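Read off the chains here:
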Amino acid sequence: MSVSSTSLTLSNGMKMPVLGLGTWKSKPGEVQAAVAHAIKSGYRHIDCAAVYGNEKEVGEGIKASGVDREQLWITSKLWNTKHNPEDVEPACRETLADLGLDYIDLYLIHWPVAFERGDNKFPKNEDGTVRYDMDIHPTTTYLAMEKLVEKGLVKSLGLSNFNSEQVKDVMEKSTIKPVTNQVESHPYLNQSRLKAFCDDLKVPLTAYSPLGSPDRPWAKPDDPKLLDDPKLRAIADKYKKTTAQLILRWQVQRGVIVIPKS
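Conventions and cut-offs
Residues numbered from 1 in each chain as written. Predicted model: local features only at pLDDT ≥ 70, side-chain atom pairs only at ≥ 80, totals over all residues. Heavy atoms only, no water. Helix = DSSP H or I, 4+ residues; strand = E, 2+ residues; numbered from the N terminus. Rg over C-alpha atoms; globule rule 2.2 N^0.38 Å. Buried < 20%, exposed > 50% of the residue type's maximum accessible area, 1.4 Å probe, protein only. Contact = heavy atoms within 4.5 Å. Phe/Tyr/Trp six-rings, centres within 6.5 Å; stacked < 30°, edge-to-face > 60°. Right-handed = clockwise from strand over helix to strand, strands pointing away. Pairing = 2+ DSSP bridges. Axes fitted to C-alpha atoms, helices over the stretch in contact; angles between N-to-C directions. Parallel < 35°, antiparallel > 145°, perpendicular 65-115°, else oblique. Nonpolar A, V, L, I, M, F, W, Y, C, P; charged D, E, K, R; others polar.

**Considerations on the overall build of the protein chain**
- Check the secondary structure of the protein chain and you find eight helices and ten strands.
- For 262 residues, the compact-globule formula gives about 18 Å, and the C-alpha radius of gyration of the protein chain, at 18 Å, lands near that figure.
- Summarising its shape, the C-alpha atoms of the protein chain cover approximately 55 × 45 × 40 Å along the three principal directions.
- Taken over 262 residues, the protein chain has a buried fraction of 49%.
- For the protein chain, long-range pairs separated by at least 24 residues make up 70% of all intrachain contacts whose partners lie at least 6 apart in sequence.

Quick look at the structure:
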């Protein structure tokens, strides 16, 4: 499978590359080179988010790649502190400015939960817990995002980390339907029930951390390591592939978009 050869036709008719480059946890100072190298190597799908704090570097990498914008698929995400309908467009325009782009191919709600409004990405109470805004429903935020498509700032809308009930609510109340639901998915968390539910609604899953995210900040020393799983390694050896290649192929073959971090 070439990184640029396979795409999935979404419910709105757009074709989304099934293999993308994730930029979560990418180290500052290295993102520009990584993105530019990935695009030059054939990647046409880059997944980013405002909260990652590196969209300016991602934009510099896109520019440095020398590949025409129309050949690329760029995904970004609305952060939890910008769920108020009045904040949606300014947040999107800030992402566009950071990326140096005129439009985003896909804009997701990063999480189905709102934090307190403001520029502090992780507002906290005195006891250290996150300060939520319980008055804003995620569907309300999604409906505000529809205006971004109408204004030409965004071509497609989607969800991230939504459960089946939350997906159903958006589908029932929206005019512009979400084209994907991005969730953690890998052989240890295959999301089979959520996938079946979303597939019935023509909302394919996008898998983040498809290789198990071994560098996740909350990992414990004794946690099983997906890439070292003996059963997976045996299958990979049988087909003369790496465990990572095996896992990514499995996801693609079952109709899941994948965004590993290189």
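Moving on from the coordinates now.
**Let's talk about the packing of aromatic side chains**
- The full count for this structure, using the stated rule, is four aromatic pairs.
- Measuring from ring centre to ring centre gives 5.7 Å for Trp79 and Phe115, while their planes differ by 90°; the resulting arrangement is edge-to-face. Placement of Trp79 in the loop between β5 (73-78) and α3 (85-99) and of Phe115 in the loop between β6 (104-109) and α4 (138-150) is noted, with a sequence separation of 36 residues between them.
- Among the residues examined, Trp79 registers a relative accessible area of 7% and is labelled buried.
- The buried category is assigned to Phe115, whose relative accessible area is 8%.
- Connected via pairs of aromatic rings, a cluster forms that spans Trp79, Phe115, Phe122 and Tyr132.

**Here's the deal with the pairing of strand β7 (residues 154-160)**
- For β7, the tally of buried residues reaches six of seven residues, placing the bulk of the element in the interior.
- At this point the chain moves from β6, through α4, to the parallel β7, and the crossover so formed is right-handed.
- With two bridges connecting them, β7 and strand β8 (residues 181-184) associate as parallel partners. Its bridge partner lying in β8, Leu159 is registered against Asn181.

**Re the packing of helix α2 (residues 55-65) against α3**
- In the contact formed by α2 and α3, the axes pass within 7 Å of each other and the chain directions differ by 45°. What the angle tells us is that α2 and α3 run oblique. Mapping the contact onto sequence places Glu55, Lys56, Val58 and Gly59 in α2 and Thr95, Asp98 and Leu99 in α3.
- A breakdown of the residues in the contact of α2 with α3 according to their chemical character gives two nonpolar, two polar and three charged.

**Some points on the sheet that holds strand β9 (residues 205-208)**
- As summarised here, the arrangement of the eight strands in space is β3-β4-β5-β6-β7-β8-β9-β10, forming an open sheet in which the pairing is parallel. Lying at the two open borders of the sheet, with one neighbouring strand each, are β3 (21-22) and β10 (257-258).
- As paired strands, β3 and strand β4 (residues 45-47) are joined by two bridges and run parallel to one another. Within β4, the residue paired with Gly22 across the bridge is Asp47.

None of the figures reported here should be taken as evidence of function without further support.
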